[in-house]
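# Structural overview for review
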There are 2 protein chains.
Amino acid sequence: MRSQPRSRFSLSTISAAMLLAGYIAAPGAWAQSVVASASSPGNVLNVEVRIDPAGKLGYDIKRKGKEVIGLSRLGFNLANAYKLDGGFSVRAARTSDHDDTWEQPWGERRFVRNHYRELRVELEQNELEQKEQGKRALAVVFRIYDDGVGFRYEFPDQPQLRDVAITDELTEFAVAQPATAWWIPAAELPGLEEEVRKAPLKEIGTANTPLTLRLEDGTHVALHEAALVDYASMWVRKVEGQKLRAQLAPSSLGPAVVRHGAFSTPWRTLQIADNAAGLYMSDLILNLNEPNKLGDVSWVHPSKFVGVWWSMHLQQTTWNAGPTHGATTANTKRYIDFAAKNGFRGVLVEGWNQGWESNWGHGGADFSFTKSYPDFDLPALSSYAQSKGVRLIGHHETGANVAAYERQMDEAYKLYARVGVDSVKSGYVHEAGTMLFPGAAGQPPHYGNYDSQEGVRHFQKAVTEAARYRIAVDTHEPVKDTGLRRTYPNWLSREGARGVEYNAWGNPVNAVDHEAKLVFTRMLSGPMDYTPGVLSLVGAEGKTFNSTQAKQLANFVVIYSPIVMAADLPENYMKYPAAFKFIRDVPTDWADTRVLNGEVGEYATIARKDRTSDDWYLGAVTDGQARTLALPLGFLDAGKTYTAEIYRDGDQADYRSAHRFDLVTETRTVTAKDTLQLKLAPGGGQAIRFTPKR
Amino acid sequence: MRSQPRSRFSLSTISAAMLLAGYIAAPGAWAQSVVASASSPGNVLNVEVRIDPAGKLGYDIKRKGKEVIGLSRLGFNLANAYKLDGGFSVRAARTSDHDDTWEQPWGERRFVRNHYRELRVELEQNELEQKEQGKRALAVVFRIYDDGVGFRYEFPDQPQLRDVAITDELTEFAVAQPATAWWIPAAELPGLEEEVRKAPLKEIGTANTPLTLRLEDGTHVALHEAALVDYASMWVRKVEGQKLRAQLAPSSLGPAVVRHGAFSTPWRTLQIADNAAGLYMSDLILNLNEPNKLGDVSWVHPSKFVGVWWSMHLQQTTWNAGPTHGATTANTKRYIDFAAKNGFRGVLVEGWNQGWESNWGHGGADFSFTKSYPDFDLPALSSYAQSKGVRLIGHHETGANVAAYERQMDEAYKLYARVGVDSVKSGYVHEAGTMLFPGAAGQPPHYGNYDSQEGVRHFQKAVTEAARYRIAVDTHEPVKDTGLRRTYPNWLSREGARGVEYNAWGNPVNAVDHEAKLVFTRMLSGPMDYTPGVLSLVGAEGKTFNSTQAKQLANFVVIYSPIVMAADLPENYMKYPAAFKFIRDVPTDWADTRVLNGEVGEYATIARKDRTSDDWYLGAVTDGQARTLALPLGFLDAGKTYTAEIYRDGDQADYRSAHRFDLVTETRTVTAKDTLQLKLAPGGGQAIRFTPKR
């Protein structure tokens, strides 16, 4: 046997094997060198970008010097070309600072500061084995804020990658400290309408986002994405331990994402704060979105509404026509009158259109979006409503049959525009578990995932098409919110979580800690059409809510949406005039928002300043535990004296008994120097309106 | 507001919502009725099939009356048609008993008993929303053995589902007791060559199979599949808690599985036993495979081999031509002589063919499977070998470039057949991380997952095409083994786990408990070309094995393969003649196999009876812990006296020191009535040959 010194040929071949070995044997043991790094403007967060000897790309994030995200991989597997993984070197890395303030046409605050340092890393991938393609370029861009980081990949136009067909995004998030997670399983029915689970991070499966974490040292992290456009939604798959990886929602047509020419991926976002409240206070998601593309959006109206809706969930009326049809001209008129009398701009009517006869319209195939039932006079009702300062809210339940909906969408919007319906609630009820998409030219429709690139495209198209007709959209059973209301401010709200309807028929109904979870999970992504305010606290067949009445009021402040439904039956509101006053008063558009305290799944207190007056509003909610929260009123304007109209749990209030109705209203005089003790009952809450005294 | 009684229309629409609510709100709380059930012939395992009010299908498995798999879902999401989920009713359910014994041409035992009760449930799915398609038929078939259950779906040919495009298989495995899992992450590089992890089941991510579990009460379960043909490989995704779900390996072309006309899925298998040894003793996987389709396979030869291979992994020689080329005529002749002298039938030669110059042949594009390097005379060497009773073993390293390989495969097999090479080791080294598949007519090649339906098809095609030329195949970097060696007995072996090569350059090398894990995980799926017997216990650059010499010998018995490589350099074997005698003696084809004891990741003892003599062979391995295993010899033939040639760890042997070489050989006389005390050192083992005295 020979034992000659290694030749250069042997080295190169063995090096390949060794590199392969090094790569496949212990990816966690990469000795990677930092090729670029940058910190947030206030030096709170630091990002490092690393490349190992095999040219593999990674990043990590520290907060105040302590690792939050450990070394995590970046890259892609492609179908149509060699993978974008390994073989990278840095061509250029530069930082730039950005600090401006922009104004939202509506939102939780009027002015938003956008202050970050950008780290742009331009990469070159050598040919490796795909000799014919030559080097390829890719950029990774980090925007580093004091309260979070967003990063995305930018694909330039290049002949070697004119088309990009992504099978896997290899982006990892290696959480560096033991963490507790609040998560929702992705790829399960009913999509985002799962109960929020709390579990050690190492025990989660595949999660949708936002994914909220509390690290061992108290740091809170929310993992999500911003500006999800023409790309598959990102789920997060637990690989092992606390290493997570992006899992792109699959496509029935082939690779998860197919793009042509230059493009950027959505921003992968990590909001990072000392506590839960700090997560909510971050404007990272909105800041990473493109500015308003629609121009004048004065036709978009934050407001409250009521509707022919809860009565169906109570099984008192039907969607389909018949002896107990909800959407009749007479019944709708009564709601319009009630709305007008009580200052609600909108009246939603479900079941107005033909096709509800069977099983969600035979998977949506039967729904007409232009033909009313004979007992519903759309034009007359719309005129009647407008004459009283009210607008009908349209309803497009699609049954997840995107193929059928897209065929009618233009005519449907035309109809609404013609009769003066300037907003629509859409629905994609998942009886099929997946959506039915139109096929490409000549192809039959096919089922696919609503989080897929196809689904994402459709949801956005429904909004941009509506904008052509100056119609605003409230999407139910949607893809997750990623802040696109900044770019399309007619995208008013979404469902995308378990709403109050689950208290009508859910099995189980929403848990007592549901709102305290939602605030720091779902609500980090954007507004929710939660449909609060069911003062009767009862669903179908006597199901009781896990809530006191005071919490129903608090929800109007705590669960943000520019459009908020006062969901209960009018006759129930008329039973509780004292409580109802708060609902009549509370606005839905804000100059500012302060999250004053909170713990995920336990409690939360939010104060908001009205955009069109000097009033402040406050809401506080708790879980099953009674709490007294000391609340300094420092958010109030200095130098003013306020009348505080307080709606609180009575001393015996408790969500588990008839005392859930014990609501006490009282008035106090306060200033910014005062501290209130918010006494919350089990399953309770508190709502306060602060009005400056003249 | 009205409060009229519900009409039948309102009931149907509300029922839809309620059903939807019932389904989506708490799938775990289904009140399902048992529609069919059956037990194994010995009444050990029981399977129940259930359907809930919404027509959702589920099953559960009990062992001796105790739940092992709790209520678990069955069904599919499709791309081209409404999902096969919900709306089911039973058209027919019948049981039948089967008990026969069949003979393997080679294997761990000669005769295999196939004793089960089959439960066939024929289902009808009503139209639900897809009114135009009419009812659809589907069958679920369970084969219930005393030591395990296999079930599969059968799709009949029906106009409503002429094509079946599966996006998701919804099969669940809800493990009913807290369990420990030994698992390998799926969808990670390097595929099956990951270290086996041990973790609480609730902490795993997405696993490949076999997935081995130990339940709280000691019951062992191995989850896998049998007869994986023309379908995507099944990974197992943790949903939450201990609920697992089938995760079909994705396709870059669209839905994970596309089939036309009638077909059956692979069998989803659960081997269930009181202990680890019981898992191994089950023949479930083989029994569920189709019988031999090849007829006479006398041209398939279980045997041992040596090869021009380890010297490359030690970096002493190169695959590519050059001054230290391993695969030269002269060097190969030396191996042939060594093989002939020591009774090895085969000589593997890697690096014989053109294309090794760069980076695994530029992703396999450069490899020729018909043109040797000029310094390797294939026909002459093959003749020389045959003249000495030895055969060359061919080598087809593809670099995972299936497109390039399939173009040459026929000519490559023709060449080997012509020169008398009757077996080939193939490789699919994953530099790309994914395989490069040929495109459909006119389409360019595309990258995709080797576990995909495409990958599965290719691996099988390579074997069936080889059979046409009477060539046997040993697949490295393969898809998992699912027992197809029964149907195609020229599919001799696979890699599909971390083999001994990792001790040459792995980072880290194989752990001391690697074999004790392999036996009860990887080895449950089928034979492995482990390449044991490196008596020098050292890899490249002085890396030491986590093993004593005795364990290297034990591996020949403990890690089954019909073809076994004595991997070390010949000069090293000549240094250890006493140990080498065992390697020269040990056969690789068996009349019977008994797993005498074992715990996953701790230790294992296996005894096997030679197929062509009355000898028994035994191997025992341990992890880092020294053990003395009491071994009753009751497996020996009664009434015979045996000479036991024992190869054991010396008293100071230890894998962590130079004493790893302390091997003691001794001879004893034993009968079936005796008990041996097997004293295993840390990282040690023992090998014994039992020869009947005349």
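Residues numbered from 1 in each chain as written. Chains lettered and ligands numbered in written order. Predicted model: local features only at pLDDT ≥ 70, side-chain atom pairs only at ≥ 80, totals over all residues. Heavy atoms only, no water.

## Here's the deal with the overall build of chain A
Going by this rule: Numbering of helices and strands starts at the N terminus; helices are DSSP runs of H or I of at least 4 residues and strands are runs of E of at least 2. C-alpha atoms define the radius of gyration, and 2.2 Å times the number of residues to the power 0.38 defines the globule rule. The rule is simple: take the accessible area with a 1.4 Å probe, protein chains only, and divide by the maximum for that residue type; under 20% is buried, over 50% is exposed, in between is partly exposed. Note on definitions: a residue-residue contact is assigned when non-hydrogen atoms from the two residues lie within 4.5 Å. Exposure was quantified through the Shrake-Rupley algorithm and a 1.4 Å probe, taking into account, for residues, occlusion by the shown protein chains and nothing else. Counting rule for charge: Lys and Arg are taken as positive, Asp and Glu as negative, and neither His nor the chain ends is counted. The atom standing in for a charge is NZ when the residue is Lys, CZ when it is Arg, CG when it is Asp and CD when it is Glu.
In terms of regular secondary structure, chain A is built from 14 helices and 38 strands. What you see for chain A is a C-alpha radius of gyration of 27 Å, in line with the 26 Å of a compact globule of 694 residues. In terms of principal-axis extent, the alpha carbons of chain A reach across some 95 × 65 × 45 Å. The buried share of chain A, taken over its 694 residues, is 68%. Sequence separation of at least 24 residues holds for 70% of the intrachain contacts in chain A that already meet a minimum separation of 6. For chain A, the accessible surface area stands at approximately 21,600 Å², while carbon and sulfur atoms represent 48% of it. Each charge class in chain A was averaged separately, 78 positive and 81 negative side chains, and the resulting centres sit 3 Å apart.

## Some words on the domain arrangement of chain A
Residue and element names in this part refer to chain A. As a reminder of what qualifies: As used throughout, domain bounds are those supplied by an automatic or database domain assignment. Salt bridge criterion: a side-chain nitrogen from Lys or Arg within 4 Å of a carboxyl oxygen from Asp or Glu. Any pair of N or O atoms that falls within 3.5 Å is considered a polar contact. Within protein, one atom must be able to donate a hydrogen and the other to accept it, and sequence-neighbouring residues count only if both atoms are side-chain atoms. Under the grouping applied here, Gly and all other residues not named as nonpolar or charged are polar, the nonpolar ones being Ala, Val, Leu, Ile, Met, Phe, Trp, Tyr, Cys and Pro and the charged ones Asp, Glu, Lys and Arg.
Domains assigned within chain A are domain 1 (2-287) and domain 2 (303-586). Computed over C-alpha atoms, the centres of domain 1 and domain 2 are 35 Å apart. On the side of domain 2, 43 residues touch domain 1, which itself brings 47 residues to the contact. Linking domain 1 with domain 2 are 2 salt bridges. When the shortest N-O distance is used, the salt bridge between Arg457 and Asp230 registers 2.6 Å. Run the count over domain 1 and domain 2 and you get 21 residue pairs in polar contact (both at pLDDT 80 or more). Taken together, the elements giving at least two residues each to the side of domain 1 that touches domain 2 come down to β16 (220-226), β17 (234-240), β19 (257-260), α2 (276-281) and α3 (284-288). Counted by class, the side of domain 1 that touches domain 2 contains 30 nonpolar, 10 polar and 7 charged residues.

## Some thoughts on helix α12 (residues 549-558) of chain A
Most of α12 of chain A is tucked away: 10 of the 10 residues are buried. Looking only at α12 of chain A, the buried set comprises Gln549, Ala550, Lys551, Gln552, Leu553, Ala554, Asn555, Phe556, Val557 and Val558 of chain A.

## Focus on the sheet that holds strand β19 (residues 257-260) of chain B
Residue and element names in this part refer to chain B. How we decide: Any two strands between which DSSP finds at least two bridges are classified as paired. To obtain an axis, a line is fitted to C-alpha atoms, over the contacting stretch when the element is a helix, and the angle between two such axes runs from 0 to 180 degrees between their N-to-C directions.
Read from one edge to the other, the open sheet built from 3 strands follows the order β5-β10-β19, with strand pairing classed as antiparallel. Strands at the two margins of the open sheet, each flanked by one partner only, are β5 (76-78) and β19. Taken pair by pair, the neighbouring strands of this sheet meet at an average axis angle of 40 degrees, ignoring direction. Taken together, the 4 bridges between strand β10 (residues 163-169) and β19 define a ladder with antiparallel strand orientation. What sits directly across from Ile166, in β19, is Val257.

## With respect to the pattern of salt bridges
All names here are of chain A. Overall, the coordinates contain 127 salt bridges over all chains when judged by the stated rule. In this structure, Asp85 engages Lys83 in a salt bridge whose closest nitrogen and oxygen atoms are separated by 3.5 Å. For Lys83, a relative accessible area of 4% gives the class buried. Among the ionic pairs, Arg259 bridges to Asp230, the shortest N-O distance being 3.5 Å. Remark: Asp230 occurs in the loop between β16 and β17 and Arg259 occurs in strand β19; sequence separation between them is 29 residues. By relative accessible area, Arg259 is classed as buried at 15%. The network of salt bridges with shared partners includes Glu118, Arg120, Arg143, Arg152 and Glu154.

## So, the packing of aromatic side chains
Spelled out, the test is: Centres within 6.5 Å make a pair out of two Phe, Tyr or Trp rings, where for Trp the six-membered ring is used; the pair is then stacked when the planes are under 30 degrees apart, edge-to-face when over 60, and tilted otherwise. We call a charge positioned over a ring when the NZ of a Lys or the CZ of an Arg lies within 6 Å of the ring centre and within 35 degrees of the ring normal.
Going through the model one piece at a time under the given rule, you end up with 66 aromatic pairs over all chains. Aromatic side chains Tyr82 of chain A and Tyr447 of chain B sit 6.3 Å apart centroid to centroid with 70 degrees between the ring planes, which places their arrangement in the edge-to-face category. Here Tyr447 of chain B lies in strand β27 (residues 446-448) and Tyr82 of chain A lies in the loop between β5 (76-78) and β6 (88-103), a pairing that spans two chains. Each member of the pair Tyr82 of chain A and Tyr447 of chain B is classed as buried. Between Trp310 of chain B and Phe545 of chain B the ring centres are 6.1 Å apart and the planes differ by 75 degrees, which places this aromatic pair in the edge-to-face class. Linking Trp310 of chain B in helix α4 (residues 310-313) with Phe545 of chain B in the loop between α11 (514-519) and α12 (549-558), this pair joins segments that are 235 residues apart in sequence. Relative accessible area serves as the criterion here: at 0%, Trp310 of chain B is assigned to the buried category. Relative accessible area serves as the criterion here: at 0%, Phe545 of chain B is assigned to the buried category. An aromatic cluster is built from Trp319, Trp356, Phe367, Phe369, Tyr405, Tyr428 and Phe459 of chain A, whose rings are joined through pairwise contacts. The ring of Trp102 of chain A has Arg486 of chain A sitting right over it, with the charged end atom 3.7 Å from the ring centre.

## A few points about the environment of Thr482 of chain A
Mapped onto the fold, Thr482 of chain A is located in the loop between β28 (472-475) and β29 (491-494). In contact with Thr482 of chain A, not counting residues within four places along its chain, are His224, Glu225, Ala226, Ala227, Leu228, Ile285, Asn289, Arg494 and Ser525 of chain A.

## Some words on the packing of helix α5 (residues 329-342) of chain A against helix α7 (residues 378-387) of chain A
Each packed pair of helices is defined by two parameters, the angle between the axes and the distance between the axes. Residues and elements named next belong to chain A. Heads up, the condition is: Should an angle lie under 35 degrees it is considered roughly parallel, over 145 roughly antiparallel, and from 65 to 115 roughly perpendicular; all remaining angles are considered oblique. Whether a crossing is left-handed or right-handed is set by the direction in which the near helix is turned from the far one by less than a right angle, anticlockwise for left-handed and clockwise for right-handed.
It is the contact of α5 with α7, at a shortest axis distance of 10 Å, that shows an interaxial angle of 15 degrees. By the angle between their directions, the pair α5 and α7 is classed as roughly parallel. Considering how the two elements wind past one another, α5 and α7 form a crossing that is right-handed. Where α5 abuts α7, its residues Thr329, Thr332, Lys333, Ile336 and Asp337 lie against Leu381, Tyr384 and Ala385.

## Regarding unusual backbone geometry
Residues and elements named next belong to chain B. Of the consecutive residues Thr209 and Pro210, the connecting peptide bond is found in the cis state with omega at 5 degrees. Within the secondary structure, Pro210 sits in the loop between β14 (206-207) and β15 (211-215). In the segment running from Asn507 into Pro508, the intervening peptide bond is cis, with an omega of 10 degrees. Mapped onto the fold, Pro508 is located in the loop between α10 (502-505) and α11.

## Remarks on the pairing of strand β24 (residues 391-397) of chain A
All names here are of chain A. To be explicit about the condition: Think of it like this: strands point away, you trace from the first strand over the helix to the second, and a clockwise trace means the crossover is right-handed.
Burial runs high along β24: 6 of the 7 residues are buried. In this structure, strand β23 (residues 346-349) lies alongside β24, joined through 3 bridges in parallel fashion. Bridge pairing in β24 places Leu348 opposite Ile393. Note that β24 and strand β25 (residues 423-427) share 4 bridges and pair parallel. Of the residues in β25, the one forming a bridge with Gly394 is Val424. Viewed along the sheet, the connection from β24 through helix α8 (residues 402-419) into β25 turns out right-handed.

## Details of the side chain of Thr212 of chain A
Residue and element names in this part refer to chain A. Take Thr212: it is sitting in strand β15 (residues 211-215). A polar contact of 2.6 Å, which involves the side chain of Thr212, links it to the backbone oxygen of Phe520. Thr212 has contacts with Thr180, Ala181, Trp182, Val221, Ala222, Leu279, Phe520, Thr521, Leu524 and Val600, leaving out every residue within four places of it along the chain.

## What about the side chain of Glu169 of chain A?
All names here are of chain A. Along the chain, Glu169 turns up in strand β10 (residues 163-169). Taking relative accessible area as the criterion, Glu169 reaches 2% and is therefore assigned buried. One polar contact links Glu169 to Thr171, side chain to side chain, over a distance of 2.6 Å. Within polar-contact distance, the side chain of Glu169 engages the side chain of Arg268 at 2.9 Å. Sequence-distant contacts of Glu169, that is, excluding residues within four places in its chain, are made with Gly75, Phe76, Tyr153, Tyr231, Arg245, Ala246, Leu248 and Arg268.

## Overview of the environment of Leu71 of chain A
The topology assignment puts Leu71 of chain A in strand β4 (residues 66-74). Leu71 of chain A sits 23 residues away from Glu48 of chain A along the chain, and the two C-alpha atoms are 8.9 Å apart.

## Regarding the confidence of the model for chain A
Counted only if it meets this: Per-residue confidence from the prediction method is given by pLDDT, with values spanning 0 to 100.
For chain A, mean pLDDT is 93; residues scoring 70 or higher make up 94% of the total. Confidence over residues 1-30 of chain A falls short of pLDDT 50; this stretch has 68 contacts with residues more than four positions distant or in other chains.

## Observations concerning the sheet that holds β19 of chain A
Residues and elements named next belong to chain A. The strand order across the open sheet formed by 3 strands is β5-β10-β19, and the pairing between neighbours is antiparallel. Only two strands of the sheet have a single partner each, and these edge strands are β5 and β19. With strand direction ignored, the average angle separating the axes of adjacent strands in the sheet is 40 degrees.

## A look at helix α8 (residues 402-419) of chain B
All names here are of chain B. So the rule is basically this: To estimate how far a helix should extend, the number of its residues minus one is multiplied by 1.5 Å. The bend at a residue is defined as the angle formed between two axes, one fitted to the seven residues ending at that residue and one fitted to the seven starting there.
Between its first and last C-alpha atoms α8 spans 24 Å; for 18 residues at 1.5 Å apiece the expected length is 26 Å, and the two agree. Its maximal kink placed at Met409, α8 deviates by approximately 50 degrees. Along α8, the residues classified as buried are Val402, Ala403, Ala404, Tyr405, Gln408, Met409, Ala412, Tyr413, Leu415, Tyr416 and Val419.

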